[in-house]
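One letter stands for each residue in the lines below.
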Amino acid sequence: MSRVRRFDEQQQRRTQSMFRTTRIAFVVAALGGLSACAGSDLERGALGAAGGAAVAELTGSDVVAGALIGGAAGVVCDDAGVCENR
């Protein structure tokens, strides 16, 4: 394989990684902003599940597991003192 071809492939991987990171940051920021509006455990759980599923999809992980983890985190975040229940 030529050096130019390897360099091009490396550049493509870096670009894809950068876009993936940017998408994850956008999803986390958007859902973080929305979670401030959530008042009940159910609302925070739903937003957490959506966020967990989105991040799992963007990272190529198991979406169901991401939704379960995100939903659980959303439900217990006020009990753990991470978010305030207004």
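Computed from a predicted model, the values in this text were never measured in an experiment.

Colleague: For this particular structure, what's the right way to read the overall build of the protein chain?
Modeller: A count of helical and extended segments in the protein chain gives three helices and zero strands. N-terminal to C-terminal, the α/β element order of the protein chain is α-α-α. Burial analysis of the protein chain (86 residues in total) assigns 21% to the buried set. About 6100 Å² of surface is accessible on the protein chain, with carbon and sulfur atoms providing 62% of the total.

Colleague: I would appreciate a short explanation of the side chain of R44 in the present structure.
Modeller: Residue placement: R44 occurs in helix α2 (residues 41–59). Within polar-contact distance, the side chain of R44 engages the side chain of D41 at 2.4 Å. Here the side chain of R44 touches G74 through a polar contact of 3.4 Å, landing on its backbone oxygen.

Colleague: Is there a simple way to think about helix α3 (residues 63–76) in this case?
Modeller: What sets the pattern is the α-helix's 3.6 residues per turn: residues three or four places apart point alike. Helix length check: α3, at 14 residues, gives a terminal C-alpha distance of 20 Å against a target of 20 Å (1.5 Å per residue), a fit within 8%. Those residues of α3 that sit buried are G66, G70, G71 and G74. Along the axis of α3, the buried residues cluster in a sector spanning 125°; they form a single face. Summarising the geometry of α3, the exposed residues directed more than 90 degrees from the buried face are V64, L68 and I69. Tucked inside the fold, the buried residues of α3 contact α2.

Colleague: It is not clear to me how the environment of E57 should be interpreted in this structure. Could you clarify?
Modeller: Note on placement: E57 falls in helix α2. In the structure, E57 is positioned 33 residues away from I24 in sequence and 9.6 Å away in space, judged by C-alpha atoms.

Colleague: Sorry if this is basic, but what is going on with α2 here?
Modeller: If you check α2, its first and last C-alpha atoms are 26 Å apart, about what 19 residues at 1.5 Å a residue would give, namely 27 Å. Every buried residue of α2 is listed here: R44, G45, G48, G51, G52, A53, A56 and L58.

Conventions used here
- Residues numbered from 1 in each chain as written.
- Predicted model: local features only at pLDDT ≥ 70, side-chain atom pairs only at ≥ 80, totals over all residues.
- Heavy atoms only, no water.
- Helix = DSSP H or I, 4+ residues; strand = E, 2+ residues; numbered from the N terminus.
- Buried < 20%, exposed > 50% of the residue type's maximum accessible area, 1.4 Å probe, protein only.
- Areas by Shrake-Rupley, 256 points an atom, 1.4 Å probe, with all protein chains shown as cover.
- Polar contact = N/O pair within 3.5 Å; in protein donor to acceptor, adjacent residues only side chain to side chain.
- Expected span 1.5 Å × (residues − 1).
- Arc of directions from axis to C-beta.
- Contact = heavy atoms within 4.5 Å.

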